[in-house]
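As a plain string of letters, each chain reads:
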Amino acid sequence: MHSFSHKVKAELCRAPVQRLCCARAECYGILLYGNTFNTGEIRIITENPDFAARLPRLFQRAFNVQFDVLPEEKNGKLSFQITTPEKLQRIINTLGYDAKQMPVLHVNFGLLEEECDRVAFLRGTFLAGGSVTDPEKRYHLELDTIHSQASREVSALLEEMGFSPRAVLRGGSSVTYFKQSEHIEDFLTTIGAPV
């Protein structure tokens, strides 16, 4: 049986990949909340088939790059990887980073000036690092990343958009979360999962 998170992500993945700015913003959220994003490697691991189908289209649209190898399935999870230096360089440059500053990932707000881009960016953070519990059991939505600075800035962005997220450190992760049902509903509606 698929989890509630799984259904939400399936719904989010139905959003069309159209505008270049939005594709870039969504990829950006995915990279910050994915498994690995540094000068030597990008790796995104997912067990969600809808997200797995969306990733290649997004990266093609956003950066005109393809993943290095077809994702291999291990324990029901698919791993998407880029290690080719030219591709990494193109992505890093497009997002406004310099390879030398990569150890600390700040959010480049220049990419998120338009409302549509913020929405796409948050959709990306949720697709890669988000989960939400079944509202019939309890209310809890969280976004989980290893990039603590980016996590703080995403919290600030959410506050600016009228949400009041809380934050906690768990293991090596920075978690931004909501517990109020109306905030969760608003957030999911904002990023494209009104159902």
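Everything here concerns the structure above.
Given the structure is predicted, the values throughout are model-derived calculations rather than measurements. (Residues numbered from 1 in each chain as written. Predicted model: local features only at pLDDT ≥ 70, side-chain atom pairs only at ≥ 80, totals over all residues. Heavy atoms only, no water.)

Caption draft 1: Just the packing of helix α1 (residues 4-12) against helix α5 (residues 115-129), in detail. At a minimum axis distance of 10 Å, the contact between α1 and α5 shows a crossing angle of 140 degrees. Overall, the two elements α1 and α5 adopt an arrangement that is oblique. In this structure, α1 crosses over α5, and the sense of that crossing is left-handed. Contacts between α1 and α5 involve V8, K9 and L12 from the former and R123, F126 and L127 from the latter. Tallied by class, residues from the contact of α1 with α5 come to four nonpolar, no polar and two charged. (Axes fitted to C-alpha atoms, helices over the stretch in contact; angles between N-to-C directions. Helix = DSSP H or I, 4+ residues; strand = E, 2+ residues; numbered from the N terminus. Parallel < 35°, antiparallel > 145°, perpendicular 65-115°, else oblique. Left-handed = near helix turned anticlockwise from the far one by under 90°. Contact = heavy atoms within 4.5 Å. Nonpolar A, V, L, I, M, F, W, Y, C, P; charged D, E, K, R; others polar.)

Caption draft 2: Representation of helix α7 (residues 181-191) within the structure. Those residues of α7 not exposed but buried are S181, H183, I184, F187, L188 and I191. Considered in projection along α7, the buried side chains sweep an arc of 165 degrees and stay on one side of the axis. Contact partners of the buried residues in α7: α1, α5, β5 (130-132), β6 (141-145), α6 (148-160) and β8 (173-178). Count one or two residues on from α7 and you reach G192, which has phi positive near 115 degrees. (Buried < 20%, exposed > 50% of the residue type's maximum accessible area, 1.4 Å probe, protein only. Arc of directions from axis to C-beta.)

Caption draft 3: View of the environment of R152. If you trace the backbone, R152 turns up in helix α6. Between the C-alpha atom of R152 and that of Q89, which follows or precedes it by 63 residues, the distance is 25 Å. Engagement of the side chain of R152 in a polar contact is seen with the side chain of Q149, the distance being 2.8 Å. (Polar contact = N/O pair within 3.5 Å; in protein donor to acceptor, adjacent residues only side chain to side chain.)

Caption draft 4: Spatial organisation of the packing of helix α2 (residues 20-33) against helix α3 (residues 49-63). The geometry of α2 relative to α3 is characterised by a closest axis approach of 9 Å and an angle of 125 degrees between their N-to-C directions. Between α2 and α3, the interaxial angle falls into the category oblique. Our pair here, α2 against α3, has a crossing hand that is left-handed. Of α3, the residues touching α2 (which contributes L20, A23, R24, E26, C27, I30 and L31) are F51, R54, L55, L58, F59, R61, A62 and F63. Considered class by class, the residues forming the contact of α2 with α3 number eleven nonpolar, no polar and four charged.

Coordinates in, geometry out; function isn't part of it.
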